[in-house]
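Structure assessment
Residues per chain, in single letters:
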Amino acid sequence: HPCVRGFTTAASEKSHNPKLSNKKSNLEMAAAGGVPQFASLYVGDLHQDVTEAMLYEIFNSVGPVGSIRVCRDSVTRRSLGYGYVNFHSVSDAERALDTLNYSSIKG
């Protein structure tokens, strides 16, 4: 069954570039009063046919989704069976983790 595991948080000015956000997160979090402004959830054990659109429908019902990425093989473009869902709000990511963990998606 697909599972949602843990999440990471980072502050962001407008960029969702993980490398940039990670490098600046301490500075930006201090500027934001130490409160992270978005959070990423790892979604694993996905069926090969699960798309970003399917994940968006499911996760956006919990709270506004910033972006979604299903990781794919660079040559075949087949799903690698996992992805990331980025929420604008840490509380929405926590709620998704609590309510959707181990939910079945197309499976």
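Attention here is on the structure that accompanies the text. Since the structure is predicted, the reported quantities are computational estimates derived from the model, not experimental observations.

Each helix and strand counted, the protein has 3 helices and 4 strands in total. For the protein, the α and β elements follow one another from N to C terminus as β-α-β-α-β-β-α. Here the protein holds 107 residues, and 36% of them are scored as buried. In the protein, of all internal contacts separated by at least 6 residues, the share reaching a separation of at least 24 is 64%. In the structure as shown, the protein presents an accessible area of about 6,400 Å², 52% of it carried by carbon and sulfur atoms.

What follows deals with the environment of A93. Structurally, the position occupied by A93 is in helix α3 (residues 90–100). When its relative accessible area of 0% is taken as the criterion, A93 is described as buried. C-alpha of A93 to C-alpha of V65: the two residues are 28 residues apart in sequence and 9.0 Å apart in space.

In this section: the side chain of D92. Within the secondary structure, D92 is located in helix α3. A polar side-chain atom of D92 sits 2.3 Å from a polar atom in the side chain of R95. When neighbours within four sequence positions are excluded, D92 is seen to be in contact with V62, G63, P64 and F87.

As a further point, take the environment of E52. Residue position: E52 is located in helix α2 (residues 52–60). Note on E52: relative accessible area 28%, which makes it partly exposed. Taking the C-alpha atoms as reference, E52 lies 9.1 Å from V85; in sequence the two are 33 residues apart. Contact partners of E52, with chain neighbours within four places excluded, come to I68, R69, V70 and R72.

A positive phi is found at R77, a non-glycine position, where the angle reads about 65°. In this fold, R77 is placed in the loop between β3 (65–72) and β4 (79–87). Positioned with a positive phi, Y102 is a non-glycine residue whose angle comes to about 65°. Tracing the backbone through its elements, the reader meets Y102 in the segment after α3.

What follows concerns the pattern of salt bridges. On inspection of all chains with the given rule, the structure shows 2 salt bridges. Linking R72 and E52 is a salt bridge whose minimum nitrogen-to-oxygen distance equals 3.5 Å. Pair noted here: R72 is in strand β3 and E52 is in helix α2, with a separation of 20 residues, a long-range link. Under the relative-accessibility criterion, R72 is labelled partly exposed at 23%. A salt bridge links R95 to D92, with the nearest nitrogen and oxygen atoms 2.3 Å apart. Placement of both R95 and D92 in helix α3 is noted, with a separation of 3 residues, approximately one turn of the helix.

The rules behind these values
- Residues numbered from 1 in each chain as written.
- Predicted model: local features only at pLDDT ≥ 70, side-chain atom pairs only at ≥ 80, totals over all residues.
- Heavy atoms only, no water.
- Helix = DSSP H or I, 4+ residues; strand = E, 2+ residues; numbered from the N terminus.
- Buried < 20%, exposed > 50% of the residue type's maximum accessible area, 1.4 Å probe, protein only.
- Contact = heavy atoms within 4.5 Å.
- Areas by Shrake-Rupley, 256 points an atom, 1.4 Å probe, with all protein chains shown as cover.
- Polar contact = N/O pair within 3.5 Å; in protein donor to acceptor, adjacent residues only side chain to side chain.
- Salt bridge = Lys/Arg side-chain N within 4 Å of Asp/Glu carboxyl O.

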